[in-house]
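Breakdown of the fold
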Amino acid sequence: MSAIRPTASPSSDAQPTPWFEESIPGFAQPAAGRRLPAVLALAVVVALVVSAIGAADPTTWLLETVWVMLGLPLVVLLRKRFPLSGLLCGLLAVHAMVLIVGGHYTYAEVPAGDWVRDWWGLERNPYDRFGHLMQGFVPAILVRELLVRTSPLRGSRWLAPLTVCACLAFSAVFEMLEWLAAVTGGQAADAFLATQGDVWDTQWDMFCALIGAVCSLLLLSRLHDRALARQLGG
């Protein structure tokens, strides 16, 4: 009889492979999936450069677009280690365009907002409200993707509430930054604040972010799950 060779037992300190790493080594993606982020990044860079030309207020342009300048290089640097889903890439690109347009014209003077104000008989340019709605709508999917991929919350009933809480926390931090700009810049910060005389502008901004986050999760959660499955093979 041949001797039975003992099978090697796995190391006791070996960590289980996360669900999103199991199916496709190196997070391999289809060629089209790899091209989409590059195309979106190029479009954002072009729009950012063009928006700097003839900006209504260079300081406001810088303050509004600095998030794009910081976020885009970070996404590019982490593209192999932590590739984002196609849905999230598209939403981030749209959000970047919203910021870029607001930075070029200032939020209170965006022509599209003026048209909506005149068409609907509003008292103020609503582009600032739209910007804060997007401040909740897009980060909701970003936070959701981070939590699904890096925490035990995948499939948990706590995923949605905690995502909304994170978006509200980010909105509150942004309002604190606006307050700091008002304190340090005085009247020079008016274009950045875009309050347009509304004493409740801070509360409206956070409320719009809340509505945006809730709507994003209600409308896009299932689509996001499918996008993650295609991206990560989960």
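In short, a report on the structure. In this text the structure is predicted, and so the values were computed from the model without any measurement.

**Points about the overall build of the protein chain**
Counting secondary structure elements, the protein chain contains eight helices and zero strands. Residues counted as buried form 38% of the 234 residues belonging to the protein chain. Looking at the protein chain alone, contacts between residues at least 24 apart form 76% of all its contacts between residues at least 6 apart. Of the roughly 14100 Å² of accessible surface on the protein chain, 69% is carried by carbon and sulfur atoms.

**Points about the state of the cysteines**
Per the counting criterion, the structure on display carries zero disulfides. Residue Cys167 stays outside any disulfide, its sulfur separated by 9.3 Å from that of Cys165, the closest cysteine. Under the relative-accessibility criterion, Cys167 is labelled buried at 2%.

**Describing helix H5 (residues 127-150)**
With 24 residues, H5 should cover 34 Å at 1.5 Å per step; its first-to-last C-alpha distance of 34 Å lies within 8% of that length. The buried fraction of H5 amounts to 18 of the 24 residues, a majority that puts the element mostly inside the structure.

**Things to note about the side chain of His95**
Mapped onto the elements, His95 comes out in helix H3 (residues 86-105). Those residues within four positions of His95 in sequence are excluded, and the remaining contacts are Gly131, Met134, Gln135, Val138 and Pro139.

**Concerning the packing of H5 against helix H8 (residues 201-232)**
H8 packs onto H5 with a crossing angle of 40° between their chain directions and a minimal axis gap of 5 Å. The angle between H5 and H8 places the two elements in the oblique class. Judged by the twist between their axes, the crossing of H5 over H8 is right-handed. Each residue belonging to the contact of H5 with H8 can be placed in one class, and the counts come to 16 nonpolar, seven polar and eight charged.

**A few points about the packing of aromatic side chains**
By the definition in use, this model includes six aromatic pairs. Ring geometry for Tyr127 against Phe130: centres 5.9 Å apart, planes inclined by 55°, an arrangement best described as tilted. Remark: Phe130 and Tyr127 occur in helix H5; sequence separation between them is three residues, near one turn of the helix. Looking at Phe130, the relative accessible area reads 39%, which means it is partly exposed. Considering the side-chain rings of Trp204 and Phe207, the 6.0 Å spacing of their centres and the 80° angle between planes classify their relative orientation as edge-to-face.

**A closer look at the side chain of His104**
By secondary structure assignment, the location of His104 is in helix H3. Leave out the neighbours within four places in its chain, and His104 touches Ser51, Ile53, Gly54, Ala55, Ala56 and Trp61.

**Description of H8**
Working note: α-helix, 3.6 residues per turn, so residues spaced by three or four point in the same direction. In this model H8 runs just 40 Å from its N-terminal to its C-terminal C-alpha over 32 residues, more than 12% under the 46 Å that 1.5 Å per residue would give. Its axis deflected by about 60° at Leu220, H8 carries its strongest bend there.

**A short note on the pattern of salt bridges**
Within the structure shown, the criterion is met by six salt bridges. The residue Arg124 makes a salt bridge to Asp128 at a minimum N-O spacing of 3.4 Å. Judged by relative accessible area, which is 13%, Arg124 ranks as buried. Among the ionic pairs, Asp225 bridges to Arg144, the shortest N-O distance being 3.0 Å.

**Concerning a nonpolar patch on the surface**
Side chains of Trp67, Phe170, Val173, Leu177, Trp179, Leu180 and Val183 sit close together on the surface and give an oily, nonpolar patch of about 670 Å² of accessible area. Relative to the helices and strands, Leu177 resides in helix H6 (residues 159-185). Leu177 gets classed as partly exposed once you look at its relative accessible area, which sits at 37%.

Criteria and thresholds
Residues numbered from 1 in each chain as written. Predicted model: local features only at pLDDT ≥ 70, side-chain atom pairs only at ≥ 80, totals over all residues. Heavy atoms only, no water. Helix = DSSP H or I, 4+ residues; strand = E, 2+ residues; numbered from the N terminus. Buried < 20%, exposed > 50% of the residue type's maximum accessible area, 1.4 Å probe, protein only. Contact = heavy atoms within 4.5 Å. Areas by Shrake-Rupley, 256 points an atom, 1.4 Å probe, with all protein chains shown as cover. Disulfide = S-S within 2.5 Å. Expected span 1.5 Å × (residues − 1). Axes fitted to C-alpha atoms, helices over the stretch in contact; angles between N-to-C directions. Parallel < 35°, antiparallel > 145°, perpendicular 65-115°, else oblique. Left-handed = near helix turned anticlockwise from the far one by under 90°. Nonpolar A, V, L, I, M, F, W, Y, C, P; charged D, E, K, R; others polar. Phe/Tyr/Trp six-rings, centres within 6.5 Å; stacked < 30°, edge-to-face > 60°. Bend = angle between axes of the 7 residues up to and from the residue. Salt bridge = Lys/Arg side-chain N within 4 Å of Asp/Glu carboxyl O. Patch = residues over 30% accessible without salt bridge, like charges linked within 9 Å, V, L, I, M, F, W, Y side chains within 5 Å.

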